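What the coordinates show
The chain contents come next:
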Amino acid sequence: AGAEAQRRGEPLTCVAFAPEVSGLDAALVEEVIQRTVARLTEVVTRSGRVSDIIARLGQTEFAAILPATDSQGAARLVERLQAGIAVADIGCGH
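Let me begin by describing the structure that accompanies this report.

Cut-offs used in this document
- Residues numbered from 1 in each chain as written.
- Predicted model: local features only at pLDDT ≥ 70, side-chain atom pairs only at ≥ 80, totals over all residues.
- Heavy atoms only, no water.
- Pairing = 2+ DSSP bridges.
- Helix = DSSP H or I, 4+ residues; strand = E, 2+ residues; numbered from the N terminus.
- Axes fitted to C-alpha atoms, helices over the stretch in contact; angles between N-to-C directions.
- Buried < 20%, exposed > 50% of the residue type's maximum accessible area, 1.4 Å probe, protein only.
- Core = buried A, V, L, I, M, F, W, Y, C linked by side-chain atoms within 4.5 Å.
- Contact = heavy atoms within 4.5 Å.
- Patch = residues over 30% accessible without salt bridge, like charges linked within 9 Å, V, L, I, M, F, W, Y side chains within 5 Å.
- Areas by Shrake-Rupley, 256 points an atom, 1.4 Å probe, with all protein chains shown as cover.
- Salt bridge = Lys/Arg side-chain N within 4 Å of Asp/Glu carboxyl O.

Spatially, E1-E3-E2 is the arrangement adopted by the three strands of the open sheet, whose pairing is antiparallel. Each edge of the open sheet carries a strand with a single partner, namely strand E1 (12–17) and strand E2 (53–56). On average, each strand axis in the sheet is inclined to that of its neighbour by 15°, with strand direction left out of account. Inspection of the sheet shows E2 paired to strand E3 (residues 62–67) by four bridges, in the antiparallel sense. Opposite Ile54, over in E3, you have Ala64 as the bridge partner.

It is worth spelling out unusual backbone geometry at this point. Of note, Ala68 is a non-glycine position whose phi angle comes to about 55°, a positive value. Secondary-structure assignment places Ala68 in the loop between E3 and helix H3 (71–85). Accessibility expressed as a relative area gives 38% for Ala68, which makes it partly exposed.

Moving on, we get to the pairing of E3. Within a regular strand, the side chains alternate between the two sheet faces. Taken across its six residues, E3 has five buried, putting it largely inside the fold. Here six bridges tie E1 to E3, and the two strands are oriented antiparallel to one another. Directly across from Thr13, in E3, lies its bridge partner Leu66.

Right, let's get into the nonpolar core. In terms of nonpolar packing, the biggest core is built from 17 residues, with Val15, Phe17, Leu66 and Leu81 touching the most fellow members. Those elements that provide at least two residues to this core are E1, helix H2 (26–47), E3 and H3. No other element matches the six residues that H2 contributes to this core. Sequence-distant contacts of Leu81, defined by excluding residues within four places in its chain, comprise Phe17, Leu40, Val43, Val44 and Ile54.

Attention now moves to the side chain of Asp52. Considering the arrangement of structural elements, one finds Asp52 in the loop between H2 and E2. Not counting the four nearest positions on each side in its chain, Asp52 is found in contact with Ile65, Leu66, Pro67 and Leu77.

Together, Leu12, Ile53 and Ile65 make up a nonpolar patch on the protein surface, roughly 220 Å² of accessible area in all. Among the structural elements, Leu12 can be located in strand E1. Look at Leu12 and you get partly exposed, because its relative accessible area is 41%.

Pasting the structure below:
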């Protein structure tokens, strides 16, 4: 993705993000993360592009690599992801 963006002279944006899990019981954190992964898959499939790459970095951290995306485009994707993975939407009762 990076080499292609560089070759074409297009922007390449990387965004790191994490679902809000503070205040949750430790036993629920893994459930939240598993549901988050499932929701991310749905959100990216619905609103992402084939060229977008979403990866898990740690227990609760994710990153998106967005070829041909400027900062405004990245902000819009982050807003969609946040809406899609909000804890209330995941159904943990918080």
